[in-house]
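Commentary on secondary and tertiary structure
In case you want the letters, here they are:
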Amino acid sequence: FSKESGQKIVIYNNKLNQAIRIEADILRRLKSSIHNKTLEVWYQPLSKLSADSYTSLEALVRLPDGKGGYHSAALVISLAERSGMVELLGDYVLKRACCFMYSHGKELGLERICINLSVQQLLVENSADHLLRLIQESGVATSQVTLEITESILIQSIERASATLDTLRRAGLHIALDDFGVGYSSLNYLSNLPVDVIKIDRSLTQQILTNPKQHALLKSIVEMAKINSLSVVAEGVETEEEQKMISASGVQYIQGYYYARPMPEKELISFFNGIEKN
Ligand code: C2E
Ligand code: CA
Ligand code: CA
Ligand code: CA
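Read on for an overview of the structure. (Residues numbered from 1 in each chain as written. Chains lettered and ligands numbered in written order. Predicted model: local features only at pLDDT ≥ 70, side-chain atom pairs only at ≥ 80, totals over all residues. Heavy atoms only, no water.)

Structural notes on the coordination of the calcium ion (ligand 4)
Heads up, the rule is: Coordination here is defined by N, O and S atoms within 2.8 Å of the metal (3.2 Å for Na, K and Ca), and since water is not considered, a site can look incomplete. Helix numbers and strand numbers start at the N terminus; a helix is a DSSP run of H or I with at least 4 residues, a strand a run of E with at least 2.
Within the protein, the calcium ion (ligand 4) binds to Asp179 (OD) and Asp179 (OD); these donor distances fall in the range 2.4 to 3.0 Å. The calcium ion (ligand 2) is placed at 5.7 Å from the calcium ion (ligand 4). Of note, Asp179 is situated in strand β5 (residues 174-180).

Brief notes about unusual backbone geometry
Glycine aside, the phi torsion of most residues is negative, and most peptide linkages are trans. Even without being a glycine, Asp52 presents a positive backbone phi close to 50°. The backbone of Ser229 sits at a positive phi, close to 55°, despite the residue not being glycine. Within the element layout of this structure, Ser229 appears in the loop between α9 (212-227) and β7 (231-235).

Considerations on the layout of surface pockets
Over the atoms, a rolling probe the size of a water molecule traces out where space has been left empty. The following threshold applies: Only protein atoms enter the 1 Å grid used here. Points where a 1.4 Å probe fits but cannot escape make up a cavity, open sets with protein on both sides within 12 Å along at least five of seven lines make up a pocket, and a residue lines them when an atom lies within 4 Å of a point. Grid points are joined across faces, edges and corners, and a volume is the space filled by probe spheres set on the points. All residues other than Ala, Val, Leu, Ile, Met, Phe, Trp, Tyr, Cys, Pro, Asp, Glu, Lys and Arg, Gly among them, are scored as polar; the first ten of these are nonpolar and the last four charged.
In this structure, the largest pocket encloses a volume near 980 Å³. Lining the largest pocket we find 37 residues, and of these Glu58, Leu60, Asn116, Asp178 and Asp179 sit closest to its centre. Those elements giving two or more residues to the lining of the largest pocket turn out to be β2 (53-62), α2 (73-82), α3 (86-108), β3 (112-116), α4 (119-123), β4 (145-150) and β5. Class assignment of the residues belonging to the lining of the largest pocket gives a composition of 16 nonpolar, 11 polar and 10 charged.

With respect to the nonpolar core
Defined as follows: For this analysis, a nonpolar core means a set of buried residues of the types Ala, Val, Leu, Ile, Met, Phe, Trp, Tyr and Cys, connected via side-chain atoms within 4.5 Å. Think of it in three bands: residues with accessible area under 20% of the maximum for their type are buried, residues over 50% are exposed, and the middle band is partly exposed, with areas taken using a 1.4 Å probe on protein chains only. Any two residues having at least one pair of non-hydrogen atoms within 4.5 Å are treated as being in contact.
Leu30, Tyr43, Ile115, Val145 and Leu147 are the most contacted members of the largest nonpolar core, which has 72 residues in total. The element that contributes the greatest number of residues to this core is α3, accounting for 10 residues. The residues contacting Ile115, other than those within four sequence positions of it, are Ala59, Val93, Leu94, Ala97, Cys98, Val145, Thr146, Leu147 and Glu148.

Written as structure tokens, this is what we have:
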């Protein structure tokens, strides 16, 4: 009961209050921005090493915070998942990203648009039909779309999700295992999973230069992927040193600030136009 501990409780309450206010703000803004179609989708290029060019984009949601910035995408998604809004949000991003691909894919030389999918979107009834219909309505071919699903969460519900994933893959979509290499990833199950791509998480990529064990792990993942005909994307590459070491490890694609940050539509188009001129 010291004065000090009393103070600590006050600070804690203030922080909690602030967190609750931010969450309420996110939900309010999310609802209205989906309704008014002002919710933004930004795009980050993926570099295809063999082509020495950007052949795909990852779509990332951006919710304006009303103060000139954006709320954290990870927080927006986790709140949307907890409040039953993630299907609405997911449909919005999917439509937006596919329409962008339809309008600009050819001129930008893009092969694929990669879109994050919450596992809840996968587990609702008739999800495959629903997703395929949205893609078809946008005009893009299913072979131009990759859906990214977080590894740890997918593994937890793989029994319920695998029939849906099979349907989507038979229709021509690619499925990417996102955030691979975090926690208890197992190389053994890679041969049995209905996926086409592995995305190595930044937490692993970042350790390659300094930690020989992690470097060896990356090499084994690449080997395992080859055996199973999966392609590998390394995420979160920020420096030239990392880029060199990771390019040499056999991955096919690199995504990270070293190449480009996520950008709004217009900026992305000028970015691609800038490359052509060089
Ligand atoms: P993610 O799918 O792993 O996306 C990659 C995240 O890493 C993005 O964060 C991207 O901006 C960031 N990033 C890319 N390169 C670098 C780098 O070199 N260094 C660092 N430090 N970061 C890098 P962002 O946009 O904040 O998104 C966070 C997460 O929110 C995403 O992680 C994804 O799980 C989720 N998310 C974003 N948009 C959507 C969406 O439309 N639907 C769903 N379901 N989830 C989404
Ligand atoms: Ca992703
Ligand atoms: Ca990721
Ligand atoms: Ca992630």
